[in-house]
Structures are given as C-alpha cells and as structure tokens.
Amino acid sequence: LHSNSLAGTIPTEIGDLSSLTKLDLESNSLAGTIPTEIAHLSNLKSMYLYQNKLSGTIPSEIGNLSSLSTMYLYLNNLAGTIPTVIGDLSSLQYTSLGSNNLTGTIPTEIGDLSSLT
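Remember, it's a predicted structure, so these values are computed and weren't measured experimentally.

Asker: What exactly am I supposed to notice about the side chain of Ser69 here?
Answerer: For Ser69, the position within the fold is in the loop between strand S4 (53–56) and strand S5 (70–72). Leave out the neighbours within four places in its chain, and Ser69 touches Lys45, Ser91, Leu92, Gln93 and Tyr94.

What follows is the structure, given as structure tokens:
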C-alpha cells in the first residue's frame, strides 16, 4: 500500500495480522501514533513507515519484534527518545530514524545489534 494517498491512522487491528511479514505503508499521509499492537506481529521482518505524518513516540513494544530485520521510520514527526529496547531487535540489519523530532541520546543498547549494517 505504499506511495498512495492514504490518510487517517494505522488501525490497532493491524496487530491481528499474525502472519504478516512485511508492513509497507511508506509515502502516504498517515498520521497519529504507531499502534502498540504492532508488537503482536511476531513474524514481521520488514516495517516501512517512512514519509508519513506519524507522531508520538517510537513504542517500546517494538522490542518484541524479534524477527524484524528492516525498520524505516524516517521522515515523520516522531518525538521523544529512541527506546532502549531497540537493543532487543537481534535480527535488525537496516534502520533509518532520521528527519524526525527525536531527542536525548543514542541508547548504548544499539551496540548489541551485531547484524546492523
């Protein structure tokens, strides 16, 4: 569903898609927060939410996504700190969090991501 004119929020029911491996919603006009129910997507390998109007914080529940290898959240309005649970994403190879309103320090736990390139 990338590169459309989708608006509104990401529905919490997204967490019901237990077999989903790729969440591809980039380049839309989605607003609101990243729903915490995203943590229920235990098979998720790729999450492309960049270039939207998402706000709020990066939910700490993302730490439950142990299969996640790609997480692109750049070009949104995300704020707050990068959650320390990012260090729990042991499969993470690619991430981009730029062009948001993130504050604080880079968590030291990012050093635990040995697969990150």
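Let us keep going from here.
Asker: I tried to follow the sheet that holds strand S1 (residues 22–24) on my own but got confused; where do I start?
Answerer: In any sheet, the strands associate via hydrogen bonds between backbone groups, in a parallel or an antiparallel arrangement. If you walk across this open sheet you meet the four strands as S1-S3-S5-S7, and the pairing is parallel. The open sheet is flanked by S1 and strand S7 (94–96), the only strands paired with a single partner. Pairwise comparison of adjacent strand axes, ignoring direction, gives a mean angle of 10° for this sheet. Alignment of S1 against strand S3 (residues 46–48), held across three bridges, turns out to be parallel. Each bridged residue has a counterpart across the sheet, and for Leu23 the counterpart in S3 is Met47.

Asker: Looking at this model, I keep getting lost on the pairing of S4. Mind explaining?
Answerer: Two faces make up the sheet, and in a regular strand the side chains alternate between them. Pairing between strand S2 (residues 31–32) and S4: two bridges, direction parallel. Directly across from Ala31, in S4, lies its bridge partner Lys53. Where S4 and strand S6 (residues 77–80) come together, two bridges link them in parallel fashion. Bridging from a neighbouring strand, Gly56 pairs with Leu78 of S6.

Asker: Looking at this model, I keep getting lost on the environment of Ser99. Mind explaining?
Answerer: Inspection of the secondary structure assignment puts Ser99 in the loop between S7 and strand S8 (101–102). When the C-alpha positions of Ser99 and Ser42 are compared, they lie 27 Å apart, and in sequence the two are 57 residues distant. Among all residues touching Ser99, those that are not within four sequence positions of it are Leu75 and Asn76.

Asker: When you look at the side chain of Ser27 in this model, what are you seeing that I'm missing?
Answerer: Relative to the helices and strands, Ser27 resides in the loop between S1 and S2. Discounting chain neighbours no more than four positions away, the residues touching Ser27 are Ser3, Asn4, Tyr50, Gln51 and Asn52.

Asker: Explain the nonpolar core here, please?
Answerer: For soluble globular proteins, nonpolar side chains are generally found buried alongside one another. Residues Met47, Leu49, Met71, Leu73 and Leu89 are the most contacted members of the largest nonpolar core, which totals 25 residues. For Leu73, the residues in contact, after removing those within four places along its chain, are Ile34, Met47, Leu49, Tyr50, Ile58, Leu78, Ser96, Leu97 and Asn100.

Asker: Explain the pairing of S6 here, please?
Answerer: With two bridges connecting them, S6 and S8 associate as parallel partners. Bridging across to S8, Gly80 finds its partner in Leu102.

Asker: Explanation requested: the sheet that holds S6 in the structure shown.
Answerer: A sheet is described by the order of its strands in space; here four strands give the open sequence S2-S4-S6-S8, paired in parallel fashion. A strand with exactly one partner marks an edge of an open sheet, and here the two such strands are S2 and S8.

Asker: Is there a simple way to think about the packing of aromatic side chains in this case?
Answerer: Between two aromatic rings, the relevant description is the distance of the centres plus the angle of the planes. Going through the model one piece at a time under the given rule, you end up with four aromatic pairs. Geometrically, the ring pair formed by Tyr50 and Tyr74 is stacked, given 4.4 Å between the ring centres and 10° between the ring planes. With Tyr50 in the loop between S3 and S4 and Tyr74 in the loop between S5 and S6, this residue pair connects regions lying 24 residues apart in the sequence. When the ring of Tyr72 is compared with that of Tyr74, the centres are 6.1 Å apart and the planes differ by 65°; the resulting orientation is edge-to-face. Its relative accessible area of 23% is what places Tyr72 among the partly exposed residues.

Criteria and cut-off values
- Residues numbered from 1 in each chain as written.
- Predicted model: local features only at pLDDT ≥ 70, side-chain atom pairs only at ≥ 80, totals over all residues.
- Heavy atoms only, no water.
- Helix = DSSP H or I, 4+ residues; strand = E, 2+ residues; numbered from the N terminus.
- Contact = heavy atoms within 4.5 Å.
- Pairing = 2+ DSSP bridges.
- Axes fitted to C-alpha atoms, helices over the stretch in contact; angles between N-to-C directions.
- Core = buried A, V, L, I, M, F, W, Y, C linked by side-chain atoms within 4.5 Å.
- Buried < 20%, exposed > 50% of the residue type's maximum accessible area, 1.4 Å probe, protein only.
- Phe/Tyr/Trp six-rings, centres within 6.5 Å; stacked < 30°, edge-to-face > 60°.

None of this, on its own, says anything about what the molecule does.
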